[in-house]
Amino acid sequence: MAPATAAPRAPAKENGKAEATIEPVLVVSGLRAYFQTSSFGVEREVRAVDDISFHVGANEIYGLAGESSSGKTTLIKTVAGAIRPPLRVLSGSVVFDFRGRRVSVYDSDPQVMDEIRWKHLSYIMQGSMNVLNPVRRVRHSFVDFAFRHIGRKMPEFMDIVRTHLQRLHLTPAVLDAYPHQLSGGMRQRVTIALATVCRPEFIIADEPTTALDVIVQNGVLAMLRDVQREIRSSIIFVTHDMAVHANLCDRLGIMYAGRLVEEGRTADVFKAPKHPYTAHLIASLPRIGYVAARKGLEGTPPNLADPPSGCRFHPRCPLAADICRRQAPPMTWSSPGHRVACFAAATGSAQ
Amino acid sequence: MTPPLLEVREVVKAYSMGSVLSRHRIRAVEGVSFTMKAERPEIFTIIGESGSGKTTLARMILNTVSPTAGTIRFRGTDLSKIWRGRDRLAFMRGVQPIFQNPFDAFNPLKQIDRYLFTTARRMAGLRTVKEIEDRADQALKKVGLSLVEIRGRFPHELSGGQLQRIAIARALISTPALIVADEPVSMIDASLRMSIVNLLRNLRDEMGVSIIYITHDLATAYYISDRIIIMRKGRVVEGGDARAVLDNPQHPYSIQLKQAVLSPDAAGSGGALLSAGLVESQAELGELT
Amino acid sequence: MSRVLRDLFRYNREFAIGIVLLAFVLLISAASFVSPYPPNDSFVVPPDLPPSWPYILGTTSRGQDVFWLLTFAIRNTLLFGFTVALLSRILSLVIGLVAGYAGGLVDRVLMSINDTFIVIPLFPILVLFYFVMRDRMSWALLALAMSCLGWAYDARLIRSVAMSLRTREFTETSIFSGMSMRQILVEEHLPYVLPIVFSTTMNNINWSIGLEVTLSVLGFTDINTPTIGVLIYWANQHTALVAGVWWWILFPVMLVIITFVGLFLLAVSMNEYIDPRSRLSRVGG
Ligand SMILES: Nc1ncnc2c1ncn2[C@@H]1O[C@H](COP(=O)(O)OP(=O)(O)OP(=O)(O)O)[C@@H](O)[C@H]1O
Ligand SMILES: Nc1ncnc2c1ncn2[C@@H]1O[C@H](COP(=O)(O)OP(=O)(O)OP(=O)(O)O)[C@@H](O)[C@H]1O
Ligand code: SF4
Ligand SMILES: [Mg+2]
Ligand SMILES: [Mg+2]
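What counts and how
- Residues numbered from 1 in each chain as written.
- Chains lettered and ligands numbered in written order.
- Predicted model: local features only at pLDDT ≥ 70, side-chain atom pairs only at ≥ 80, totals over all residues.
- Heavy atoms only, no water.
- pLDDT = per-residue confidence, 0-100.
- Contact = heavy atoms within 4.5 Å.
- Donors = N, O, S within 2.8 Å, 3.2 Å for Na, K, Ca; no water.
- Helix = DSSP H or I, 4+ residues; strand = E, 2+ residues; numbered from the N terminus.
- Salt bridge = Lys/Arg side-chain N within 4 Å of Asp/Glu carboxyl O.
- Buried < 20%, exposed > 50% of the residue type's maximum accessible area, 1.4 Å probe, protein only.
- Near = heavy atom within 4 Å.
- Nonpolar A, V, L, I, M, F, W, Y, C, P; charged D, E, K, R; others polar.
- Phe/Tyr/Trp six-rings, centres within 6.5 Å; stacked < 30°, edge-to-face > 60°.
- Lys NZ or Arg CZ within 6 Å of the ring centre and 35° of its normal.
- Core = buried A, V, L, I, M, F, W, Y, C linked by side-chain atoms within 4.5 Å.
- Pairing = 2+ DSSP bridges.
- Axes fitted to C-alpha atoms, helices over the stretch in contact; angles between N-to-C directions.

Colleague: Just give me the short version of the confidence of the model for chain B, but keep the residues and values in it.
Modeller: For chain B, the mean per-residue pLDDT works out to 85, and 90% of the residues sit at or above 70. The low-confidence segment residues 276-289 of chain B (pLDDT under 50) makes 20 contacts with residues lying over four places distant or belonging to another chain.

Colleague: Provide a residue-level description of the coordination of the magnesium ion (ligand 4), including the pertinent values.
Modeller: Taken together, Thr73(A) (OG1) and Gln126(A) (OE1) make up the full set of protein donors to the magnesium ion (ligand 4), lying 1.9 to 2.1 Å away. Taken together, the positions of Thr73(A) in helix 3 (residues 72-80) and Gln126(A) in the loop between strand 6 (121-124) and helix 5 (138-150) put the pair 53 residues apart, joining distant regions of the chain.

Colleague: Lay out the pattern of salt bridges in plain terms, naming residues and giving numbers.
Modeller: By the definition in use, this model includes 36 salt bridges over all chains. A salt bridge links Arg339(A) to Glu263(A); its shortest N-O distance comes to 2.9 Å. Taken together, the positions of Arg339(A) in strand 12 (residues 338-340) and Glu263(A) in strand 10 (residues 259-265) put the pair 76 residues apart, joining distant regions of the chain. For Glu263(A), a relative accessible area of 3% corresponds to the buried category. One salt bridge connects Arg114(B) with Glu187(C), and the closest N-O pair in it is separated by 2.7 Å. Here the residue Arg114(B) occupies a position in helix 3 (residues 113-122), and Glu187(C) occupies one in helix 9 (residues 181-217), the pair thus bridging two chains.

Colleague: Kindly report on the site of ligand 3, identifying the contributing residues and their values.
Modeller: Around ligand 3, the surrounding shell holds 13 residues, and the nearest of these are Cys311(A), Cys317(A), Cys324(A), Cys342(A) and Phe343(A). The residue makeup of the shell around ligand 3, split by class, is eleven nonpolar, two polar and no charged.

Colleague: Can you tell me about the packing of aromatic side chains, naming the residues and giving the values?
Modeller: All told, the structure shown has 20 aromatic pairs over all chains when counted by the stated rule. Taking the centre distance of 5.7 Å and the plane angle of 70 degrees together, the rings of Tyr277(A) and Phe313(A) count as edge-to-face. Linking Tyr277(A) in helix 11 (residues 276-283) with Phe313(A) in the loop between helix 11 and helix 12 (322-326), this pair joins segments that are 36 residues apart in sequence. Exposure class is identical for Tyr277(A) and Phe313(A). Each is buried. Aromatic side chains Tyr130(C) and Phe131(C) sit 5.4 Å apart centroid to centroid with 70 degrees between the ring planes, which places their arrangement in the edge-to-face category. The class for Phe131(C) is partly exposed, based on a relative accessible area of 40%. Among the aromatic residues, ring-to-ring pairing joins Phe96(A), Phe98(A) and Phe202(A) into one connected group. Above the plane of the ring of Tyr115(B) lies Arg114(B), whose end atom (NZ or CZ) is 5.3 Å from the centre. Taking the ring centre of Trp234(C) as reference, the NZ or CZ of Arg62(C) above it sits at 4.5 Å.

Colleague: Could you give an account of the nonpolar core, naming the residues involved and the relevant values?
Modeller: Most often, soluble globular proteins keep nonpolar side chains buried together rather than apart. Ranked by size, the top nonpolar core spans 94 residues in total, and within it Leu6(B), Phe34(B), Leu57(B), Ile61(B), Ile166(B), Leu178(B) and Ile212(B) carry the most contacts. Leu170(A), Val174(A), Ala193(A) and Ile203(A) belong to the second largest nonpolar core, which has 40 residues in total.

Colleague: Now, about the sheet that holds strand 10 of chain A: what can you tell me, with residues and values included?
Modeller: Residue and element names in this part refer to chain A. With respect to topology, eight strands assemble into an open sheet ordered 6-7-8-3-9-10-12-11, the strand pairing being mixed. Looking at the sheet topology across the chains shown, the edges are occupied by strand 6 and strand 11 (332-335). The sheet shows a mean angle of 20 degrees between the axes of neighbouring strands, taken without regard to direction. As paired strands, strand 3 (residues 61-66) and strand 9 (residues 251-256) are joined by five bridges and run parallel to one another. Within the sheet, the bridge partner assigned to Tyr62 lies in strand 9 and is Arg251. Along the sheet, helix 8 (residues 214-231) contacts strand 3, strand 7 (202-206) and strand 8 (234-238); its crossing angle with strand 8, the most-contacted strand, is approximately 155 degrees.

Colleague: Please set out unusual backbone geometry residue by residue, giving values where relevant.
Modeller: Put simply, Trp53(C) and Pro54(C) share a cis peptide bond, and its omega is 0 degrees. Mapped onto the secondary structure, Pro54(C) falls in the loop between helix 2 (13-30) and helix 3 (66-102). Even without a glycine there, the phi angle at Arg199(A) is positive, about 50 degrees. Along the chain, Arg199(A) falls in the loop between helix 7 (184-196) and strand 7. Residue Arg199(A) is classed as partly exposed on the basis of its relative accessible area of 29%.

Colleague: Summarise the environment of Gly219(A); cite the residues concerned and give the values.
Modeller: All names here are of chain A. As for its placement among the helices and strands, Gly219 is situated in helix 8. According to the relative accessible area criterion, Gly219 is buried, its value standing at 1%. Separated by 52 residues in sequence, Gly219 and Arg167 place their C-alpha atoms 7.4 Å apart.

Colleague: Run through the pairing of strand 3 of chain A, naming residues and quoting values.
Modeller: All names here are of chain A. Where burial is concerned, most of strand 3 is hidden: six out of the six residues are buried. Residues Ile61, Gly63 and Ala65 of strand 3 are buried on one face, and the alternating residues Tyr62, Leu64 and Gly66, pointing to the opposite face, are buried as well. Bridge count for strand 3 against strand 8 is four bridges, and the pairing is parallel. Bridge pairing in strand 8 links Tyr62 to Ile236.

The structure is reproduced here in structure tokens:
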């Protein structure tokens, strides 16, 4: 509650984190969001987010990983309230708590949500280098997006923007460029700058650093981390790069086929993965120096319009038993702060 | 003697940027040279700083941007001498691209299968609907998809990974000799990334396709490349056998790049490495420029 | 599409009013097909009668029924506006798309032509055109001349969109799929610029009708084809207002104003609806 937020705390390092879970800023429960399309009379239902519950604490970076098309983007779109048909929320709730101001995304007026989106929430979309207006210079995008929110005079505002760009290893000269005159990585950094220059309390970032070289990427991640620490905000960070998760995130959620299959503190998930999919994901991490032929996951990714029965991982799971084909494994606590949805993990045989 | 597959000699690309009042020139690529032999297909990797001219170089090789200076020859033909439509088609049959951003690789207003069919018709010269669809399906199967899954769907209905695999499938349809892949796996998960990287490797080993692979991922670069160049500010700072370069980089920038690679073993370090890496890199950058 | 129109009609007042006004005007012009008198015959009815049954809008000093004459006039005027809009749209599309796509020299040449057309004064040119053509001046010729003068501004707009489309990766994918330039322009880029074209069409029709009426009233057009402007021209020739034959002037003017307002409202409402960016965000592009 309020006093807890105000209480001074040691700069968030390893130990400062565990208690962050006490005051969730975001609570998602039982969320179900499907793409419902009908073309030429054929109804299709893509179950991209199926019964997902999790929370994100204040001053916490929550990582989200998982197979391509496992529904990560759909999940955070739903969380950010940025859905439009054919994506539909069937059940569940998404509740934010911004310093005592509770907002339920799917029970509030559109106006309230708009205000929240501008004031507290910042969403960096996947492939967002395309959101820049192609016929306007970068400078104008900054003025359009951020000027009102920063509330400073123009020259001062431009100084803030320039300093901010520099933290992202960008020269202020990019302000005078059109988006197509920038490289992919430069555009990506410009969108990150746009999303963070107002220092929002909640940042949702969908693969924001895919087009960056490792040095610049580290700089960008450090900047995100600094902004987060400065105002003790929360971040949901989606990426395929497990090394980024390892270095950035406090907690990690793993998705497979529209479901959250494992969640725990980053170190725990990396050191002792419980779900067979997570175990595979971590075992198959590419490292410099590997030369032997490495295999991707056997089998084909599940079709979310017609997902496998029971545990959705069973067709590809080395530990699949009979029950897995019939019944969906529930999410259970395997140790404090570590949840997993797998029958084998529950009996302790996944390792 | 057969001419080399690709010969890039001293190419330079300068852009002018800025407003009318403060115009300045940017040299995106500054005298890059390399050759790829025709006899032995290889994976040639370009890594480097963001904004160092990798994409610009790729576009010049694809002949969609023309160099300010220098020459590029594909199988002995100077790209700047390709004028006629027929020659251009022949060139494109031999060289196909895969792009950086799968979300932008297909027109958002159009169904995606259309690109596969057009490529099969125009580039592979197929005529009947069945032939065309079979070829598209074959190519999709190579990347772990099938025509049934994507028929009639729009780009926004597919995830980034799916889109990128479709882009690769499309490039394969015309059985090219050279594929220029600009960050083809940057938006795909680690497991699929390996399968696509393995796929690129199979293309080289089994279909004899040479690949120019632009990436920021040193691990996959090490894993599949034969040769590598490292670029910074438009120039090649270091190049040679991929494993030799990555095992033992010589240039300060390359060394730094290798050190900056995040390790998954640091799980739970709370980002200590991030800030440290940054400080160090800034000091080093200052010294280099 | 039909659903979009229905929604627009229901929720957008401007659109609904615009549609009703235009439907009214179209209905009147359609009535010309059942007119009892050919448009160019005079003294078929008693002259100078005020509005009364069966001459509901009165008759002219030349013995024509104002109502039936008006049906022909508005038909020709509308047709003129549509023709000019259509031709100039085609010109601006072709020139804008090609210039934006090709870039370089082609772009520079096309855009310098474009700039010339943007700055030359329209009215004097059209008057000059009339004095050169004189008797050979016809409705179609004027439409052609005005189309040639009315494309420039839009072409510039279309070019800027085409230029940014040119730098998108999907254009490159299309090129490497073996599509021809024509195919890329028509199939890939056209859908992006069509909304712009739609929204400027209404304004262009208004512009051309306005110009045509002005020219006709002053007698700088083919005065034998009845249009709204020509109608007013003849009324002036017979000093209708002085002679108290006010209905000869009032009804044409009213009808043309209704047309203007209808088209204007449509342009406004469609503008906000088919703004290319909001449209794109709806399809998730
Ligand atoms: N507009 C849409 N209509 C129908 N299906 C869709 C739509 N958008 C996404 N999907 C489907 O929903 C599923 C989840 O997609 P999503 O983009 O959330 O995956 P992701 O985990 O973000 O993948 P990636 O890591 O590749 O970006 C996919 O199977 C995708 O094909
Ligand atoms: N059309 C253009 N006009 C002006 N400058 C351009 C243009 N295209 C690229 N540049 C500039 O050229 C430089 C190199 O860009 P390029 O896209 O080749 O980089 P890159 O190495 O591919 O970077 P990234 O890893 O971020 O994709 C950048 O500074 C960019 O701003
Ligand atoms: S529940 Fe069964 S099939 Fe699913 S992951 Fe666990 S062991 Fe494998
Ligand atoms: Mg995604
Ligand atoms: Mg690039």
